[in-house]
Amino acid sequence: MRRTPFAALTALALLSACATANLETSPVGSAEPTADIAPAPSVVAFAEDLVPPQVAAPPQRARRAVAPMSALTTANADARRRPDPDGFVDATQVYDYAPGALYEIYAAPGYLSTVLLEPGEALVTVAAGDTTRWMVEETISGDLADPRAMLLIKPTRAGIRTNIVLATDRRTYLIEAIAVQGSAYSAQTAWRYGDERERRDAESIGGVALEALNFRYRIETVRGRTPHWRPVRVFDDGRRTYVEFPLDIATSEAPPLFLRDGGDIALVNYRVIGNRYVIDRLFDVAELRLGGQRQTIVRISRERARARGGPR
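This section reports on the structure supplied with the text. (Residues numbered from 1 in each chain as written. Predicted model: local features only at pLDDT ≥ 70, side-chain atom pairs only at ≥ 80, totals over all residues. Heavy atoms only, no water.)

1. Re the nonpolar core
Phase 1: By size, the foremost hydrophobic cluster in this structure holds 22 residues, and its most contacted members are V115, L117, L166 and W191.
Phase 2: Of all the secondary structure elements, the ones that give two or more residues to this core are strand 4 (102-107), strand 8 (148-155), strand 9 (161-168) and strand 10 (172-179).
Phase 3: In terms of residues, this core owes the most to one element, strand 10, which gives four residues.
Phase 4: Once residues lying within four places of it in the same chain are set aside, the contact partners of W191 are V94, Y95, D96, Y97, Y103, V115, L116, L117, Y173, I175 and L247.
Phase 5: Counting 18 residues, the second largest nonpolar core, distinct from the first, contains Y217, W229, L288 and I300. (Core = buried A, V, L, I, M, F, W, Y, C linked by side-chain atoms within 4.5 Å. Buried < 20%, exposed > 50% of the residue type's maximum accessible area, 1.4 Å probe, protein only. Helix = DSSP H or I, 4+ residues; strand = E, 2+ residues; numbered from the N terminus. Contact = heavy atoms within 4.5 Å.)

2. With respect to the sheet that holds strand 16 (residues 264-267)
Remark on secondary structure: sheet strands pair via backbone hydrogen bonds, oriented parallel or antiparallel.
Phase 1: Strand order in the open sheet formed by five strands is 12-20-19-15-16, and the pairing between neighbours is antiparallel. Bordering the open sheet on either side are strand 12 (217-223) and strand 16, each of which pairs with just one other strand. The sheet shows a mean angle of 30° between the axes of neighbouring strands, taken without regard to direction.
Phase 2: Summarising the sheet, strand 19 (residues 285-290) and strand 20 (residues 296-302) pair through six bridges and their orientation is antiparallel. Among the inter-strand pairings, R289 is bridged to a residue of strand 20, identified as I297. (Pairing = 2+ DSSP bridges. Axes fitted to C-alpha atoms, helices over the stretch in contact; angles between N-to-C directions.)

3. Notes on the pattern of salt bridges
Phase 1: Counting across every chain of the model gives 18 salt bridges.
Phase 2: Notably, a salt bridge pairs R192 with D96, separated by 3.0 Å at the nearest N-O pair. Of this pair, R192 sits in strand 11 (residues 188-192) while D96 sits in strand 3 (residues 92-96), placing them 96 residues apart in sequence.
Phase 3: Overall, R192 belongs to the partly exposed group, its relative accessible area being 38%.
Phase 4: What makes D96 partly exposed here is its relative accessible area of 46%.
Phase 5: A salt bridge links E244 to R233; the nearest nitrogen and oxygen atoms lie 3.2 Å apart. Pair noted here: E244 is in strand 14 (residues 241-244) and R233 is in strand 13 (residues 233-236), with a separation of 11 residues, a long-range link. (Salt bridge = Lys/Arg side-chain N within 4 Å of Asp/Glu carboxyl O.)

4. Notes on the sheet that holds strand 14
Phase 1: The sheet built from four strands is open, its strands ordered 13-14-18-17 with antiparallel pairing. Only two strands of the sheet have a single neighbouring strand rather than two, namely strand 13 and strand 17 (271-273). Taking the axes of each pair of neighbouring strands and ignoring which way they run, one obtains an average angle of 25° across the sheet.
Phase 2: Summarising the sheet, strand 17 and strand 18 (residues 276-279) pair through three bridges and their orientation is antiparallel.

5. Topic: the side chain of Q93
Phase 1: By the secondary structure assignment, Q93 is in strand 3.
Phase 2: A polar side-chain atom of Q93 sits 3.1 Å from the main-chain amide nitrogen of D84.
Phase 3: The residues contacting Q93, other than those within four sequence positions of it, are P83, D84, G87, F88, Q188, T189 and A190. (Polar contact = N/O pair within 3.5 Å; in protein donor to acceptor, adjacent residues only side chain to side chain.)

See the structure below:
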């Protein structure tokens, strides 16, 4: 009769107990063999009877397949950036740059749409999907000492669209150009660069942290209408003064800078870096003047520090 696994284990336990008892009654150091210790019976034949049955894993639900074109359509729709009324500076649409975003530009036959890159940024490659019905040309704005890359875009007719890829020495731009009928079109497109721009700002100011800069300057138009080149901010690092203009300053005539000392004014030396004037000194009052008899004047005044009642 076949033994059950429980009987086999019970017999093994009893034999092990007897062997232990015989070993304990044997004198210590005795050389005589303990002949009454029987070898333990093998239970290998019953080991497989002790293994619990395997529990089958629950079947996994198959992942729902998404068609490749549906995935592409959804991804591109989420990545698109369209013109927004709050994103314009005059006729320039200023996007917040994000890697991988698709920026829409609306062009019209008979009109040029321009794309303005960051000051100092150099174009490496320009490629368009449709070069037959779209004109895409590179050009340079600004002066030779501080060139600024620009792209000119024009469609041959309405109702067409293509993509344009701009590879520069700093980043890659993905553009979707859409041709529309009529006189409404994207005159100019530019970008702001967030933390990356702030890091480059700090580096261009000699590594001075932004919180250590003095922004206490007043900017006011004292003659004529407020010009489009009016500075967006003025600051100093304790040694130099920086006058920062809108991003599209390179496309217009830049005004010269004069220092005012009482009733006297004098032209001051400055360097142009991107959309900034850099003056290698501090001043209390300066003026930007442009025009002939009907001159436009924008005055810049350094405010006194309020905390301790004296100048910086």
